[in-house]
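Below are the chains, spelled out letter by letter.
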Amino acid sequence: MAALVTFDAQGRWGETLVCEARVRETLRAHGLDHGRWPLRDPGDGSLEAVLAAYGPELDGLRERLAVRSVDRVSLQPDHAGWPELRRQFTAEHVHADAEIRFFLGGTGLFYVRTDTGHLGLLCEAGDWVVVPAGVRHFFDAGEQPDFDALRLFSAPDGWKAQPTGAPSPELPLLDAFVDQLIGLTGHAMD
Ligand SMILES: [Fe+2]
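Note that the structure is a prediction, hence the values are computed from the model and not measured.

1. Focus: the overall build of the protein chain
- Summing up its helical and strand segments, the protein chain has five helices and eleven strands in all.
- Considering only C-alpha atoms, the protein chain reaches an extent of 45 × 35 × 35 Å along its principal axes.
- The proportion of buried residues among the 190 residues of the protein chain is 32%.
- Taking the contacts inside the protein chain whose residues are at least 6 apart along the sequence as the reference set, 72% of them involve residues at least 24 apart.

2. Remarks on the confidence of the model for the protein chain
- Summing up the model confidence of the protein chain, the mean pLDDT is 93 and the portion of residues at 70 or higher is 97%.
- Of all secondary-structure elements in the protein chain, the lowest mean pLDDT belongs to helix α3 (residues 55-65), at 91, while strand β7 (residues 117-124) reaches the highest, 98.

3. Quick notes on unusual backbone geometry
- Residue A66 is not a glycine yet carries a positive backbone phi of 55°.
- Within the secondary structure, A66 is located in the loop between α3 and β4 (69-75).
- Judged by C-beta crowding, with 13 C-beta atoms within 10 Å, A66 ranks as partly exposed.

4. Thoughts on the nonpolar core
- Core analysis: the largest hydrophobic core is formed by 43 residues, its most contacted members being L4, F110, L121, L122 and V129.
- At eight residues, strand β6 (residues 99-113) tops the list of elements feeding residues into this core.
- The residues contacting L121, other than those within four sequence positions of it, are A2, L4, L27, F110 and V129.

5. Notes on the pairing of strand β1 (residues 3-8)
- Sheet analysis places β1 next to β7, joined by six bridges and oriented antiparallel. When the sheet's bridge partners are listed, F7 is paired in β7 with H118.
- The pairing of β1 with strand β2 (residues 13-17) spans three bridges and is antiparallel. Bridging across to β2, F7 finds its partner in W13.
- The turn linking β1 back onto β2 is made up of four residues, and G11 within it adopts a positive phi angle of 85°.

6. Some points on the environment of L119
- Topologically, L119 is positioned in strand β7.
- In this structure the C-alpha to C-alpha distance between L119 and Q180, which are 61 residues apart in sequence, comes to 15 Å.
- With near-sequence residues (within four places) excluded, L119 lies in contact with L4, T6, H30, V112 and T114.

7. Things to note about the environment of P132
- Positionally, P132 belongs in the loop between β8 (127-131) and β9 (137-140).
- Distance from P132 to D33, taken between C-alpha atoms, is 8.5 Å for residues 99 residues apart in sequence.
- Not counting chain neighbours up to four residues away, the residues in contact with P132 comprise G31, L32 and A98.

Analysis parameters
Residues numbered from 1 in each chain as written. Predicted model: local features only at pLDDT ≥ 70, side-chain atom pairs only at ≥ 80, totals over all residues. Helix = DSSP H or I, 4+ residues; strand = E, 2+ residues; numbered from the N terminus. Buried ≥ 20, exposed ≤ 12 C-beta atoms within 10 Å, placed from the backbone. Contact = placed C-beta atoms within 7 Å. pLDDT = per-residue confidence, 0-100. Core = buried A, V, L, I, M, F, W, Y, C linked by C-beta atoms within 7 Å. Pairing = 2+ DSSP bridges.

Written out as structure tokens, the structure is:
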């Protein structure tokens, strides 16, 4: 399940939310959307089989968000280019298109800038999130990346990241975030 943490402008850990309804309510108040789908048997594991398994749920998002295409990104701990990729992912950026992700497996951490600081959203298998176009954000998958996610696009080139170059306070990246979360809540990681 997802966990959401509020951070102030100095990057201080604030409220920790693990209740799905409260996570969603808080994200919606900042223009984002989030939900969970029941995990389904992915068949032979191919993209086609996964798309078929989650057909009804994906159709709902497709209609609502004018999704034109779907692909899949999977990163494993031994990913050779991860250090460079991680530097790009963790640099604050915006997109001309919404960033829509559904986590099939693993863990990922989104940071979204708000008027008063940041929101940190930890996603696990079954979580989906919509970060609207133009919202400043970045993403981390930790020292050893391990996630498998569908990416849904509504614009052909909208996924291209435009770095903001804006400084952010020091915020805990995925490993430190998870350690802190477990210490506070006993939140069990899949
Ligand atoms: Fe992004």
